[in-house]
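A closer look at the structure
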Amino acid sequence: YLLRWFWWRINAWSEIAAMVSSFAIALGLFIARKNGASISESAALIYSVAATTIVWVGVTFLTPPTDDVTLSRFYEKTRPMGPGWARVRRASNLPPSPDSFPNAILGWTSGVTFVYAGLFGTGSAIYGRVVAATVWGIAFVISGAILLRLIPRLFAGGEPVEPVAAPPSVEVEPALIPNLE
């Protein structure tokens, strides 16, 4: 699903095919293993990823692409940074995304590490696993420090293409607000 941000050709049918095929493949592998097939967890993962990829890439090329008007509007609003958007970027006459791909990957990795280190570190501390809690705590602090330095750079990439106007204020009569007490 993330690849849609990196390649214009991926459409809704690609995503639906990926969801349905990954479920069907996982179910098939589960049934095969329950019926005695000796498929290791790592082999099942590799088979599942490979087969799902073949299905969604095939569906991507067999279905019509999203129309150019929709792609241009999407690009103008979001300006995805993926290299697979070069064709749409050229057609829109807009500059490339101000975002940095390496910074985005570092931010994603640090964010995931931060969350999981916090969760696993807390669990390790609760269960008295001092060494594991210490390692997770160090990972938590390092990834948090990286995020603190990186987030300002991620959000200072550039001005939006079109400034968004503030929504008009709406006044609601107090009698119409339900009492939730």
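Here we look at a nonpolar patch on the surface
- A grouping of Trp108, Val112, Val115, Tyr116, Leu119, Phe120 and Trp136 is seen on the molecular surface, where their side chains present a nonpolar patch of about 710 Å² in accessible area.
- With six residues, helix 5 (residues 101–126) is the largest single contributor of residues to the nonpolar patch.

So, the pattern of salt bridges
- Under the definition given, this model contains three salt bridges.
- Two residues, arginine 4 and glutamate 15, come together in a salt bridge whose shortest N-O distance is 3.4 Å. With arginine 4 in the segment before helix 1 (12–34) and glutamate 15 in helix 1, this residue pair connects regions lying eleven residues apart in the sequence.
- Residue arginine 33 pairs with glutamate 41 through a salt bridge whose shortest N-O separation is 2.7 Å.
- On the accessibility criterion, glutamate 41 (57% relative accessible area) is exposed.

Here's the deal with the packing of helix 5 against helix 6 (residues 130–154)
- Taken N-terminus to C-terminus, the directions of helix 5 and helix 6 make an angle of 150°; their axes are 7 Å apart at the nearest point. Between helix 5 and helix 6, the interaxial angle falls into the category roughly antiparallel. Considering how the two elements wind past one another, helix 5 and helix 6 form a crossing that is left-handed.
- Split into classes, the residues belonging to the contact of helix 5 with helix 6 amount to 16 nonpolar, ten polar and one charged.

Here we look at the side chain of serine 21
- Counting through the fold element by element, serine 21 comes out in helix 1.
- The class of serine 21 is buried, set by a relative accessible area of 9%.
- Excluding residues that lie within four positions of it along the chain, serine 21 makes contacts with Thr52 and Val55.

Here is what the cut-offs are and how they apply
- Residues numbered from 1 in each chain as written.
- Predicted model: local features only at pLDDT ≥ 70, side-chain atom pairs only at ≥ 80, totals over all residues.
- Heavy atoms only, no water.
- Patch = residues over 30% accessible without salt bridge, like charges linked within 9 Å, V, L, I, M, F, W, Y side chains within 5 Å.
- Areas by Shrake-Rupley, 256 points an atom, 1.4 Å probe, with all protein chains shown as cover.
- Salt bridge = Lys/Arg side-chain N within 4 Å of Asp/Glu carboxyl O.
- Helix = DSSP H or I, 4+ residues; strand = E, 2+ residues; numbered from the N terminus.
- Buried < 20%, exposed > 50% of the residue type's maximum accessible area, 1.4 Å probe, protein only.
- Axes fitted to C-alpha atoms, helices over the stretch in contact; angles between N-to-C directions.
- Parallel < 35°, antiparallel > 145°, perpendicular 65-115°, else oblique.
- Left-handed = near helix turned anticlockwise from the far one by under 90°.
- Nonpolar A, V, L, I, M, F, W, Y, C, P; charged D, E, K, R; others polar.
- Contact = heavy atoms within 4.5 Å.

That's the geometry; what it means functionally is another story.
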